[in-house]
Structures are given as structure tokens and as C-alpha cells.
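What follows is the residue order along each chain.
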Amino acid sequence: MTPSERIRFRRSTLGDDVYDTLRALILEHSMQPGDRVNIDALARELDVSPTPVREALARLESDGLVRKRPLVGYTVSPLLTRAEFTHMFELRLLLECAAARWAAERASSEHREAIAAEAVTSIAQEDDDPNGWRWHAAFTMHDARFHNLIAEASGNPLLRDGLDRLHVHLHLHRRYFPYAQAGTTGEEHQRVAAAIQAGRPDDAEEAMREHLTRSRERQLPAFD
């Protein structure tokens, strides 16, 4: 999809629809890193007023997908650098290993079941998605849900909010994903989930550390 395709939005969900459309254009690189965002042009292309476009851009700025600069306006955020990627995973290792440990100790039965169910969810690629973008987006959402459920189950709202503000999966989605290794990711998720479901905090923490370490190794080639 490109900005030039006309989209008819329902009034009741106009703001969300514009946000979802712009977000998809950025994640799929139809709007390239560094591109300047012309609010009036986008409004014309999407057949809406400038107001929902501005509201959507404010949300996208909060997501870290666009940046607002004085006298320039909005531009699409650059991709992660190698240093930013490294810093992100250093923080994830601190926060998410603790989240897995606490989830194993504190999670309700409903949270444990939800984590286990998400871990075994598989995402099939559709025949009309030859470049894999829709599969990639669906897998990214599934991966984010799994990690978010663990953060919620940790019982620590500050930890959960801290991870939310990283917008890890949005940034990684834009940069690179090793498609062929999605099955490996699923196996790692299942080991984390099994330890949480069984109430084994040491095993849950170690399984999460192994998962994040291997995930970092799988994605580092994007920076070579």
C-alpha cells in the first residue's frame, strides 16, 4: 500500500484508522527513514482533514516512529544504529529477565494460561503476501504480545511501563527480522512459558536470558 491509494475511513474510528495507516506505511518503509512528512499532502491522499493526521503523528512520535523538529515539522525516524540496538538489548536483559522471574513467582493462573497459549501461537504466511510484510507484521504483534503478557504478569507496573516506552518491537520490525528462524523463536518462547507456568523462577529467568541473547545474535547481521 502507498499513500496514493484512496482509503475511506469510518468516522467513529477515524483517528485510529489514520494512525494505523501511517504506522503501517512507516513499518513497511513506504514512508522511508528520514522522509519529511507533509501533513496537508497526507490529508489529501487519505481524504481526511489535517486534524486526524496531526493527532496520528503525535501518537507516532510517542511510539518513536516519527520525530518533530522546530521549523521542519515531522520526519520519519531513522532506523536503529548498532549502538542503539546494543543499548536496547542491554536494558531488555535487565528488565525482561526480572519480569520472567517475577511472573513465575507472582502470575495468576489466568496470566500463566495466556502466556502459554501465546507461546504456541503460530503465524502462517498467506499466498497473497509474497513479500511477507503482512506475515512480518503479524509475527511482530505476536512476539510483542508474548513479552507484554510476561511484563504484566510480573506484578510490577513500573517495569511494564518501562518496557512499553522502549517500543522494542516497532523498532526491531523496521530494521530486520530473520524470517527463517521464526520457529526457533517459538521454541524459545515455549521454554520461557513452561517455566513460568510451572512456577520455576530460576528457570524462567534463565530461559528468558537465553532467548534474548540468541535473539540479539540473530539480528546483529542487519548491522554488518
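Residues numbered from 1 in each chain as written. Predicted model: local features only at pLDDT ≥ 70, side-chain atom pairs only at ≥ 80, totals over all residues. Heavy atoms only, no water.

Q: What is the right way to read the overall build of the protein chain from this model?
A: A count of helices and strands for the protein chain gives 10 helices and 2 strands. Mapped in sequence order, the helices and strands of the protein chain form the string α-α-α-β-β-α-α-α-α-α-α-α. By the burial criterion, 45% of the 224 residues in the protein chain qualify as buried. Of the contacts formed within the protein chain by residues at least 6 apart in sequence, a portion of 74% connects residues at least 24 apart. About 11,700 Å² of surface is accessible on the protein chain, with carbon and sulfur atoms providing 50% of the total. (Helix = DSSP H or I, 4+ residues; strand = E, 2+ residues; numbered from the N terminus. Buried < 20%, exposed > 50% of the residue type's maximum accessible area, 1.4 Å probe, protein only. Contact = heavy atoms within 4.5 Å. Areas by Shrake-Rupley, 256 points an atom, 1.4 Å probe, with all protein chains shown as cover.)

Q: Explain the pattern of salt bridges to me, please; I cannot follow it from the model alone.
A: Proximity of charged atoms lets side chains of opposite charge pair with each other. Enumeration according to the criterion identifies 12 salt bridges in this entry. Note that Arg92 is salt-bridged to Glu96, the shortest N-O span being 2.6 Å. Of this pair, Arg92 and Glu96 are both found in helix H4 (residues 82–106), 4 residues apart, which corresponds to roughly one turn of the helix. You'll find Arg92 and Glu96 in the same group, each marked buried. In this structure, Arg160 and Asp161 form a salt bridge, with 3.4 Å as the shortest nitrogen-oxygen distance. Owing to a relative accessible area of 31%, Arg160 belongs among the partly exposed residues under this scheme. (Salt bridge = Lys/Arg side-chain N within 4 Å of Asp/Glu carboxyl O.)

Q: I tried to follow the pairing of strand S1 (residues 66–69) on my own but got confused; where do I start?
A: Regular strands place their side chains on alternate faces of the sheet. The pairing of S1 with strand S2 (residues 73–76) spans 4 bridges and is classified as antiparallel. Looking across to S2, one finds that Arg69 is bridged to Gly73. In textbook terms, the turn of a hairpin is the stretch between consecutive antiparallel strands, and for S1 and S2 this stretch comprises 3 residues, one of which, Leu71, has a positive phi near 70°. (Pairing = 2+ DSSP bridges.)

Q: Looking at this model, I keep getting lost on the environment of Glu110. Mind explaining?
A: By secondary structure assignment, the location of Glu110 is in helix H5 (residues 109–119). Residue classification places Glu110 among the exposed residues on the basis of a relative accessible area of 56%. Glu110 sits 43 residues away from Ala153 along the chain, and the two C-alpha atoms are 9.5 Å apart.

Q: How should I be thinking about the side chain of His169 in this particular structure?
A: Secondary-structure assignment places His169 in helix H8 (residues 168–175). A distance of 3.1 Å separates polar atoms of two side chains, one belonging to His169 and the other to Asp143. In this view, His169 contacts Arg92, Thr140, Asp143, Ala144 and His147; residues no more than four positions away in its chain are not counted. (Polar contact = N/O pair within 3.5 Å; in protein donor to acceptor, adjacent residues only side chain to side chain.)

Q: Honestly, helix H7 (residues 157–166) in this entry has me stumped. Any pointers?
A: An α-helix turns once per 3.6 residues; consequently, residues spaced three or four apart project the same way. Listing the buried residues of H7 in full gives Leu159, Gly162, Leu163 and Leu166. Across the axial projection of H7, the buried residues extend over an arc of 95°, all falling on one side. Facing away from the buried side of H7 by over 90 degrees, the exposed positions are Leu158 and Arg165. (Arc of directions from axis to C-beta.)

Q: Just checking my understanding: could you explain the packing of helix H6 (residues 133–153) against H7 for this structure?
A: Axis angle and axis distance: for two packed helices, these are the angle between their axes and the distance between the axes, and together they describe the pair. Remark: H6 packs on H7, axes separated minimally by 8 Å, with the N-to-C direction vectors making an angle of 155°. Compared by their axis directions, H6 and H7 come out roughly antiparallel. Relative to H7, H6 is oriented so that their crossing is left-handed. The segment H6 lies against H7, with Asn148, Ala151 and Glu152 engaging Leu159, Arg160, Leu163 and Asp164. For the contact of H6 with H7, a count of residues per class yields 3 nonpolar, 1 polar and 3 charged. (Axes fitted to C-alpha atoms, helices over the stretch in contact; angles between N-to-C directions. Parallel < 35°, antiparallel > 145°, perpendicular 65-115°, else oblique. Left-handed = near helix turned anticlockwise from the far one by under 90°. Nonpolar A, V, L, I, M, F, W, Y, C, P; charged D, E, K, R; others polar.)

Q: Looking at this structure, I do not really get the environment of Ser109. What am I missing?
A: Positionally, Ser109 belongs in helix H5. Along the chain, Ser109 and Ala153 lie 44 residues apart, while their C-alpha atoms are 9.9 Å from each other.

Q: Teacher, can you tell me more about the packing of aromatic side chains here?
A: Here a ring pair, both rings aromatic, is described through the centre-centre distance and the interplanar angle of the planes. As enumerated under the stated definition, the model contains 2 aromatic pairs in all. Ring centres of Phe85 and Phe89 lie 4.9 Å apart, and the angle between their planes is 45°; on these two criteria the pair is classed as tilted. Of this pair, Phe85 and Phe89 both sit in helix H4, 4 residues apart, which is roughly one turn of that helix. Residues Phe85 and Phe223 carry aromatic rings whose centres are separated by 4.9 Å and whose planes lie at 45° to one another, so their mutual orientation is tilted. Note that Phe85 is positioned in helix H4 and Phe223 in the segment after helix H10 (201–219), a separation of 138 residues in sequence. You can call Phe223 buried: its relative accessible area is 16%. (Phe/Tyr/Trp six-rings, centres within 6.5 Å; stacked < 30°, edge-to-face > 60°.)

On their own, these measurements won't tell you what the molecule is for.
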